[in-house]
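Close look at the chain arrangement
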Amino acid sequence: MNEVLTVLNGCNTVSVTDGSGGDSGKGKVVDLFTPWADIIARGTGGDNAGHTIVRGGKVFAQHILPCGILFDAEGKQSIIGRGVALSPRALVKELTMLKKNGHSYNNLRISDQAHLIMPHEIALDLLGETNARGIGSTGRGIGPVYTHAVARHGLIVNDLLNPFALAKKLHRSIEKTRAQFSAYDADHVKEALHHERLESGRYWAGPQKLFDENAIFEQYLVYAREFAHLIADTDEIMLEAVGKKRILLEGAQGLLLSVKYGTYPYVTSSDCSPEGLAAGVGLTRSVIDRNFSVVKFLPTRVGKGPLPTEIGGAVSERWCNPDDGDFFDAERELKHFGVTSVNDPDSLRQSYALRDRGGERGVSTGRPRRMAWPDMTLLRYARHIQGQDIIITKPDPYWELERIQVCTQYRCIGPKYRIADMTYERGDVIADLRRPDSILLERIEPVYETMDGWLEPLDGVQCYRDLPLKLRDILRRMQALSGARFPLVSIGPSAEETLFVT
Ligand code: IMP
């Protein structure tokens, strides 16, 4: 705790975001910083996110609740802000789990303005993935819910407090989207509406009407009973707290998935940057004293979209995102690949071996995560958008790697592509990526510097100086190349496995 206080010394408001493609271990960092904070707030995304916290030997996999909820009994306030897309079903499920495990949530407050995820939005999201144009969404309704919010027929949490508004807005929103369903095969629509996330068909009203609005209405009021007393004007709570209380803002997803700063269109539908996070809790970026971007030593990505240093390249992308959606879970992958080495000369097998060692599967979906080499061009981009502080996580599973490829910059392989006043042509070196434009990123190849692996497990390492010299060399090189500073390095899931760089 003392070391956390030293790192956060002088700060009132701190944010923790992901500086890459998500799943970097933000949950652990937020958990580590939480004893410092009075308020822990989420402002973006919904139950498409997933964070795992290991506490007292127990593993908590949460999707919608802020990590700080586990400190409720100590008086810490948890906030679900206005920018969040809230699935009442997912929320109630997590609250029930908490209760079961003897945790309270008395200090949780949920913004009346948060977007409410409705069944027709989940159905549209699921259907959007049934054709090849899908981007690998998690199927939680996130895209449609934010779309409907700007299209002016979305619902908000406050509607749960006013049954007449809930019924009216639900009807209007379903009517507004009805035409979209006719674009899909009737069997697919029926199948989507029988998904367990849609109560396994309870809302199904036949091929004409599609949705049983009464069933939805009643079920949503049942959910609301569980948390209506927690709905509040959280903007006011946050505004009041600025400068007076210690605020910890908890990001969701990652910078490359930000609708504003990510690899559009392969993004989620909220802005995962510190700016989007602050807005999502009713504040502005300027109140954040320090942002920490969490980035995995070997970054990953789930779903489709650019990952320039992907180990196994396009073959790995296809492997992890098969056209028929029938991805291989851990058991099937093991059967397929057998026992593999992280130094396998075949890059697809190597990427599998690394995924296996790192346990890299989606918390929300179980999908295999695509594995990548450290990418300093993207790290420089993260530093540029999110700030200097980068927390590197999870080098520990990869100690057997004999060689690490560190991407220092990209080289354009063409064809020619223009962004603003810059034209990129075959042979051009790209050191600074001002836009992670997904078309540009298809036209580049990474330039690597090969570094030796450290070849010894990190178990029991207590301080940064005790890390193997070769790993420290790599981290030093990564800092020099990215221009970022690494105030701490995480070498395991628990709080104790954190090395502060003094
Ligand atoms: P959506 O957020 O479900 O619409 O999915 C959009 C894209 O973001 C897909 O490629 C997802 O795999 C990705 N995505 C959404 N949430 C997460 C996350 O928490 N971690 C990593 N990827 C995510």
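Residues numbered from 1 in each chain as written. Predicted model: local features only at pLDDT ≥ 70, side-chain atom pairs only at ≥ 80, totals over all residues. Heavy atoms only, no water.

Brief notes about the side chain of S490
Quick reminder of the rule: Secondary structure is summarised from DSSP: a helix means a run of H or I of at least four residues, a strand means a run of E of at least two, and numbering begins at the N terminus for each. Throughout this description, buried means an accessible area under 20% of the type-specific maximum (1.4 Å probe, protein chains only), exposed means over 50%, and partly exposed covers the range between. Under the rule applied, a polar contact is a pair of N or O atoms within 3.5 Å (in protein, one hydrogen donor and one hydrogen acceptor; residues adjacent in sequence only if both atoms are side-chain atoms). Should any heavy atoms of two residues lie within 4.5 Å, those residues are considered in contact.
As for its placement among the helices and strands, S490 is situated in strand β21 (residues 488-490). Residue S490 is classed as buried on the basis of its relative accessible area of 4%. Here K28 takes part through its side chain, which lies 3.0 Å from a polar atom of the side chain of S490. Within polar-contact distance, the side chain of S490 engages the backbone oxygen of G492 at 3.3 Å. Residues within four places of S490 in sequence aside, it is in contact with K28, I392, T393, K394, P395, D396 and E497.

Concerning the environment of N2
Turning to its location among the elements, N2 is positioned in helix α1 (residues 2-7). Judged by its relative accessible area of 62%, N2 is exposed. Along the sequence, N2 and I69 sit 67 residues apart, while their C-alpha atoms lie 22 Å from each other.

Regarding the sheet that holds strand β9 (residues 155-156)
Going by this rule: If DSSP finds at least two bridges between two strands, the strands pair.
Strand order in this open sheet of three strands is β6-β8-β9, and the pairing throughout is mixed. Strands at the two margins of the open sheet, each flanked by one partner only, are β6 (85-86) and β9. Here strand β8 (residues 115-116) pairs with β9 via two bridges, running antiparallel. Looking across to β9, one finds that L116 is bridged to L155.

So, the site of the ligand
To be explicit about the condition: We call a residue near a molecule or strand when any one of its heavy atoms sits within 4 Å of it. In this description, accessible areas are obtained by the Shrake-Rupley approach with a 1.4 Å probe, and a residue is regarded as covered only by the protein chains that are shown. Gly counts as polar in this scheme, as do all residues outside two lists: the nonpolar Ala, Val, Leu, Ile, Met, Phe, Trp, Tyr, Cys and Pro, and the charged Asp, Glu, Lys and Arg.
Close to the ligand lie 16 residues, the nearest being D23, N48, T138, T268 and R367. For the ligand, the accessible surface in isolation is 470 Å², of which the surrounding protein chains cover 96%. Split into classes, the residues belonging to the shell around the ligand amount to five nonpolar, nine polar and two charged.

Topic: the nonpolar core
How we decide: Here, nonpolar core means buried Ala, Val, Leu, Ile, Met, Phe, Trp, Tyr and Cys residues that are tied together by side-chain atoms lying within 4.5 Å of each other.
Among the nonpolar cores identified, the biggest contains 73 residues, and F33 and F227 are the most heavily contacted of them. When residues in this core are grouped by element, the largest group, six residues, is from helix α9 (residues 213-227). Beyond its immediate chain neighbours, meaning those up to four positions away, F227 contacts L86, P88, L91, V92, L95, I110 and L160. Counting residues in hydrophobic clusters, the runner-up holds 38 residues, among them L354, I392, M451 and L475.

Overview of the sheet that holds strand β16 (residues 403-412)
By way of backbone hydrogen bonds, the strands of a sheet pair with one another, either parallel or antiparallel. Quick note on the threshold: Only the stretch in contact is used when fitting a helix axis, every axis being a line fitted to C-alpha atoms; angles between N-to-C directions are given from 0 to 180 degrees.
Ordered in space as β19-β16-β20, the three strands form an open sheet in which the pairing is antiparallel. Strands with a single pairing partner mark the edges of an open sheet, and in this sheet they are β19 (429-430) and β20 (444-452). Judged from the two bridges that link them, β16 and β19 form a sheet pairing that is antiparallel. Bridge pairing links R411 to V429 in β19. Contacting β16 and β19, helix α15 (residues 376-386) runs over the sheet at an angle of about 75° to β16. Sitting on the sheet, helix α17 (residues 469-482) touches β16 and β20, and the angle it makes with β20 is about 145°.

Looking at the packing of aromatic side chains
The cut-off we apply is this: When two rings of Phe, Tyr or Trp (its six-membered ring) have centres within 6.5 Å they constitute a pair, described as stacked for plane angles under 30 degrees, edge-to-face for angles over 60, and tilted for the intermediate range. Two thresholds decide whether a charge sits over a ring: the Lys NZ or Arg CZ must be within 6 Å of the ring centre and within 35 degrees of the ring normal.
Inspection of every chain in the model, using the stated rule, returns seven aromatic pairs. With a centroid separation of 5.7 Å and 75° between ring planes, the pair formed by F297 and W454 is classed as edge-to-face. With F297 in the loop between β12 (290-296) and β13 (300-301) and W454 in the loop between β20 and α17, the pair connects residues that are 157 residues apart, well separated along the chain. Here F297 falls in the buried class, since its relative accessible area comes to 0%. Residue classification places W454 among the buried positions, given a relative accessible area of 5%. Geometry around F328 places R332 over its ring, the cationic atom sitting 4.0 Å from the centre.

Quick notes on the packing of helix α4 (residues 119-128) against helix α6 (residues 163-181)
Helix packing geometry: the angle between the two helix axes and the distance between the axes. The cut-off we apply is this: Orientation labels follow simple angle bins: below 35 degrees gives roughly parallel, above 145 gives roughly antiparallel, 65 to 115 gives roughly perpendicular, and whatever is left gives oblique. Should the near helix be turned counterclockwise from the far one by less than a right angle, the crossing is left-handed, whereas a clockwise turn marks it as right-handed.
Between α4 and α6, whose axes approach to 10 Å, the crossing angle comes to 20°. If you check the angle between α4 and α6, you find them roughly parallel. Crossing geometry of α4 relative to α6 is assigned as left-handed. Mapping the contact onto sequence places H120, A123, L124 and L127 in α4 and L170, S173, I174, T177, Q180 and F181 in α6. Grouping the constituent residues of the contact of α4 with α6 by class yields six nonpolar, four polar and no charged.

Let's talk about the pairing of strand β11 (residues 247-250)
By the alternation rule, side chains of β11 split into I247 and L249 and L248 and E250, which are all buried. Taken together, the four bridges between strand β1 (residues 13-18) and β11 define a ladder with parallel strand orientation. Of the residues in β11, the one forming a bridge with V16 is E250. Sheet topology places strand β2 (residues 39-42) next to β11; four bridges connect them, and they run parallel. Opposite I39, over in β11, you have I247 as the bridge partner.

Comments concerning the pattern of salt bridges
Test applied: One side-chain nitrogen of Lys or Arg within 4 Å of one carboxyl oxygen of Asp or Glu is enough to make a salt bridge.
On inspection of all chains with the given rule, the structure shows 29 salt bridges. With its nearest N and O atoms 3.0 Å apart, the salt bridge here joins K169 to D159. Within this pair, whereas K169 is found in helix α6, its partner D159 is found in the loop between β9 and α6, the two being separated by ten residues in sequence. Taking the shortest distance from any N to any O, the salt bridge between E400 and R357 comes out at 3.5 Å. With E400 in the loop between β15 (389-393) and β16 and R357 in helix α14 (residues 347-358), the pair connects residues that are 43 residues apart, well separated along the chain.

A short note on the environment of I231
Relative to the assigned elements, I231 resides in strand β10 (residues 231-232). Considering only alpha carbons, one finds I231 and V4, 227 residues apart in sequence, at a separation of 31 Å. Apart from residues lying up to four places away in sequence, I231 is in contact with I110, S111, D112, V157 and L161.

Brief notes about helix α3 (residues 88-100)
In plain terms, the rule: A helix is expected to span 1.5 Å multiplied by its residue count minus one.
The first and last C-alpha atoms of α3 sit 18 Å apart over 13 residues, in line with the 18 Å expected at 1.5 Å per residue. For α3, the set of buried residues is P88, A90, L91, V92, E94, L95 and L98. Summarising the contacts, the buried residues of α3 are in contact with β4 (58-62), β5 (77-80), β6, β7 (108-111), β8 and α9. Positioned one or two residues after α3, G102 has a phi angle of 80°, which is positive.

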